[in-house]
Amino acid sequence: MSADRALEELARSSERLREEPLTSESVFKGKLLDVRRDTVRLPGGGTATREYIMHPGASMIVPMLPDGQVVLLRQYRYPMHKAFIEFPAGKIDAGESPLATAQRELTEETGYRAGKWTELTTIHNAIGYANERIVLFLAEGLERGEQQLDDNEFVEVFTAPLADLMDWIARGEVTDVKTVIGAFFVKELGVR
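**Here's the deal with the overall build of the protein chain**
1) Next: Assigned secondary structure in the protein chain consists of four helices and ten strands.
2) Next: From first element to last, N terminus to C terminus, the protein chain shows the α and β order α-β-β-β-β-β-β-β-α-β-β-β-α-α.
3) Next: The C-alpha extent of the protein chain, read off along each of the three principal axes, is 55 × 50 × 35 Å.
4) Next: Within the protein chain, the proportion of its 192 residues that are buried is 37%.
5) Next: In the protein chain, the proportion of contacts linking residues at least 24 apart, taken out of those at least 6 apart, comes to 55%.
6) Next: For the protein chain, the accessible area works out to roughly 11,600 Å², and carbon and sulfur atoms hold 52% of it.

**Side note on the packing of aromatic side chains**
1) Next: Inspection of every chain in the model, using the stated rule, returns two aromatic pairs.
2) Next: Ring centres of tryptophan 117 and phenylalanine 137 lie 6.2 Å apart, and the angle between their planes is 80°; this geometry places the pair in the edge-to-face category. Here tryptophan 117, found in strand β8 (residues 113–123), pairs with phenylalanine 137, found in strand β9 (residues 134–143); they are 20 residues apart in sequence, far enough to count as distant.
3) Next: Between phenylalanine 158 and tryptophan 168, the ring centres sit 6.4 Å apart and the planes meet at 50°, which makes this aromatic pair tilted. Separated by ten residues along the polypeptide, phenylalanine 158 in strand β10 (residues 155–161) and tryptophan 168 in helix α3 (residues 162–170) bring together distant segments of the chain.
4) Next: Classification of phenylalanine 158 by relative accessible area gives buried; the value is 19%.
5) Next: Exposure remark for tryptophan 168: the relative accessible area of 19% places this residue in the buried category.
6) Next: The ring of phenylalanine 84 is capped by lysine 82, whose NZ or CZ atom sits 5.0 Å from the centre of that ring.

Cut-offs used in this document
- Residues numbered from 1 in each chain as written.
- Predicted model: local features only at pLDDT ≥ 70, side-chain atom pairs only at ≥ 80, totals over all residues.
- Heavy atoms only, no water.
- Helix = DSSP H or I, 4+ residues; strand = E, 2+ residues; numbered from the N terminus.
- Buried < 20%, exposed > 50% of the residue type's maximum accessible area, 1.4 Å probe, protein only.
- Contact = heavy atoms within 4.5 Å.
- Areas by Shrake-Rupley, 256 points an atom, 1.4 Å probe, with all protein chains shown as cover.
- Phe/Tyr/Trp six-rings, centres within 6.5 Å; stacked < 30°, edge-to-face > 60°.
- Lys NZ or Arg CZ within 6 Å of the ring centre and 35° of its normal.

All quantities given are derived from atomic positions and should not be read as evidence of function.
Put into structure tokens, the structure is as follows:
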């Protein structure tokens, strides 16, 4: 079966599996997240409850220096109660494109600006309970500038060879999913 025919079949099976929303309510609405509870009609005719989080989406940046090193952050993530190593990323503001978000976040969090931007892919990191999408970008032609952190934002910026990052991932020391996917993506592309 050709790739195009396989994709057509996947689209048809997706429609057969569709759950129709019957009711929807907001359980909690915060500054970032909207927690929803819906009742849906299942493909077989029954009903079920679906609880999920509405998220505005985000952009993540793989900042690549000419020598093959990547720019990384160390940032405390309260839900996990520890600091994580990750690529710069941020929430897409209302009316903002994913690229504009990536450009803004790179400068704010690291101080770098990029001369070349490449959209790598879009990931959905929590499909079982959230609609969040993260658009991944490669940023090259970096020029160092001043960080522009928000008042409530505390990050440490450092650089490391991509090979070291891959080793940290293999050892379970870097577990942030968007960073893991971004690292594998640029490694597979052979970016340097």
